[in-house]
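Here are the chains, one letter per residue:
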Amino acid sequence: MANINSAQAVAQDDLVIPLIDFDQFLSGDPAAKKAAAEAVLDGFQNAGFIYLKNHGISPATVSNAFSHSATFFARPQEQKDAMAWYSAAANRGYVAQGREKLVPLDETGTEEEMRKSVPDLKESLEIGRDDEPEMPNKWPSGDQAATDFKKDMLGFFQTCKTLHMQVMRAIALGMGIEESWFDGFTDAGDNTLRLLHYPGVAKSVFKRTDGQLQVRAGEHSDYGSITLLFQDKRGGLQVRSPKGTFVNATPIEGTIVVNAGDLLAQWSNDTIKSTKHRVVEPPAQIEDDGSESYPPRYSIAYFCNPNYDRMIQAIPGTYEESGRKYKDVLSGEYITGRLTATY
Ligand SMILES: O=C(O)CCC(=O)C(=O)O
Ligand SMILES: [Fe+2]
């Protein structure tokens, strides 16, 4: 049988990101399902990133989410400011340009790098599960678009929650443990739906003369289990290769880029990689139309986390006896701790 999952979305500088037909996992026969699950795990172990096609989320659903996002960010600044992000524990609300400070987790980014860092050229809206009254979401209000926005975003949140559960099932099957092993870690939906807007900007902004690198989103790794990333056609997302270079994660229509986060890396005793990535100006081949500015870029990141009340200890099969690299940690404490350091 030909390897149905051998396509590559990215292959450069030893970074190979597979393009996986997820329908083979969702509705293939047992052999196809197992092969797809192994491809998913292999991608997370080697690159920390995969692309999924035929993932079960319809193009209409995705484009509707993007169109709501554009409408939301076009609202007057004072409406958005009234919805401001208010705490790391909640991680909900509007984040204006310059508020988030992404810093690398490891020690390469010390003071020197922090001093050098310049604010990201982005704004975002974070949406959490909507059933925690003490940590309310912040919604626009007062018009029909606002009503539709809330309804559709909550629907999209649930759709993505389901895909999180399915991808974790693929990881479990790939690892050779019970396929449902993660279900009790993914059913609460302690996830964050983040709408991102990188405003249109003069090309000259990126040509700094003070030695600082101007980016749309600084180099970082994500915190949780996995992130589902929907990107538009603009490009600019880059993933760090084993050689230390940044490689373009070129948009492929209809796909979702999925990357493993730091907590999954830890949970897997570092058998899965949480790979650094960033967003820079669009690559020349996409946007070199001779104009003075880049158009806006929109993306939607769905940050998935293990249920906040679950203890994270190495997944069976990922460590030798007495070879666990990390102490047990409560999921919610870990994620909130990372967010506290970021804002
Ligand atoms: O906008 C993107 O493509 C990536 C965003 C991202 O990496 C993040 O928000 O964690
Ligand atoms: Fe990220």
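No experiment lies behind these values; they were computed from the predicted model shown.

Student: In this structure, what is going on with the sheet that holds strand β10 (residues 237-240)? I would like to understand it.
Tutor: Strand-to-strand pairing in sheets goes through backbone hydrogen bonds, with the strands running parallel or antiparallel. Pairing within the open sheet is antiparallel, and its 4 strands lie in the order β8-β13-β10-β11. Each end of this open sheet is capped by a strand with a single partner; those strands are β8 (217-220) and β11 (246-248). Each neighbouring strand pair of the sheet contributes to a mean axis angle of 25 degrees, computed without reference to strand direction. For β10 and β11, the ladder comprises 3 bridges, and the chain directions are antiparallel. Across the sheet, arginine 240 pairs through a bridge with phenylalanine 246, a residue of β11.

Student: Can you help me understand the environment of alanine 9 in this one?
Tutor: Mapped onto the elements, alanine 9 comes out in strand β1 (residues 8-12). Judged by local crowding, alanine 9 falls into the buried class, with 22 C-beta atoms found within 10 Å. Sequence separation of alanine 9 and alanine 249 is 240 residues, and the distance between their C-alpha atoms is 7.9 Å. Excluding its chain neighbours within four sequence positions, the residues that come into contact with alanine 9 are Ile17, Pro18, Leu19, Tyr51 and Ile252.

Student: Got a minute to help me understand the sheet that holds strand β15 (residues 297-303) in this structure?
Tutor: Pairing in this open sheet of 9 strands is mixed, and the strands run β1-β2-β3-β12-β9-β15-β6-β5-β4 from one edge to the other. Both edges of this open sheet fall to β1 and β4 (93-95), since each of them pairs with a single strand only. Taken pair by pair, the neighbouring strands of this sheet meet at an average axis angle of 20 degrees, ignoring direction. Across 7 bridges, strand β6 (residues 192-198) lies against β15 in antiparallel orientation. Paired with arginine 194 across the bridge in β15 is alanine 301. Most of the contacts of helix α3 (residues 59-73) go to β15, to which it runs at about 115 degrees, and overall it touches β5 (123-127), β6, β9 (226-231) and β15.

Student: Even after reading the chapter, I still don't get α3, so can you show me in this structure?
Tutor: One full turn of an α-helix is made of 3.6 residues, so residues set three or four places apart face in the same direction. With 15 residues, α3 extends 21 Å between its outermost C-alpha atoms, agreeing within 8% with the 21 Å of an ideal straight helix rising 1.5 Å per residue. Within α3, the full set of buried residues consists of Ala65, His68, Ser69 and Phe72. Around the axis of α3, the buried residues are gathered within 105 degrees of arc, so they sit on the same side. Turned more than 90 degrees away from the buried face of α3 sit Pro59, Ala60, Ser63 and Ser67, all of them exposed. Where the residues of α3 are buried, they touch β5, α6 (144-175), β6 and β15.

Student: I tried to follow the site of ligand 1 on my own but got confused; where do I start?
Tutor: The environment of ligand 1 is made up of Arg194, Leu196, Ala217, Asp222, Leu229, Gln231, Leu237, His277, Val279, Ser299 and Ala301. Among the elements of the structure, β6, β9, β13 (277-279) and β15 are those that each provide at least two residues to the shell around ligand 1. Of the residues in the shell around ligand 1, the class split is 6 nonpolar, 3 polar and 2 charged.

Student: What is the right way to look at the packing of α3 against α6 in this model?
Tutor: In a pair of packed helices, the angle between the axes and the distance between the axes together describe the arrangement. Two elements in contact, α3 and α6, have axes separated by 10 Å at closest approach and are oriented at 135 degrees. Judged on the interaxial angle alone, α6 and α3 are oblique. The chirality of how α3 crosses α6 is left-handed. The segment α3 lies against α6, with Thr61, Asn64, Ala65, His68, Thr71 and Phe72 engaging Ala145, Phe149, Asp152, Met153, Phe156 and Thr159. Of the residues in the contact of α3 with α6, the class split is 6 nonpolar, 5 polar and 1 charged.

Procedures and definitions
Residues numbered from 1 in each chain as written. Chains lettered and ligands numbered in written order. Predicted model: local features only at pLDDT ≥ 70, side-chain atom pairs only at ≥ 80, totals over all residues. Pairing = 2+ DSSP bridges. Helix = DSSP H or I, 4+ residues; strand = E, 2+ residues; numbered from the N terminus. Axes fitted to C-alpha atoms, helices over the stretch in contact; angles between N-to-C directions. Buried ≥ 20, exposed ≤ 12 C-beta atoms within 10 Å, placed from the backbone. Contact = placed C-beta atoms within 7 Å. Expected span 1.5 Å × (residues − 1). Arc of directions from axis to C-beta. Near = placed C-beta within 6 Å. Nonpolar A, V, L, I, M, F, W, Y, C, P; charged D, E, K, R; others polar. Parallel < 35°, antiparallel > 145°, perpendicular 65-115°, else oblique. Left-handed = near helix turned anticlockwise from the far one by under 90°.

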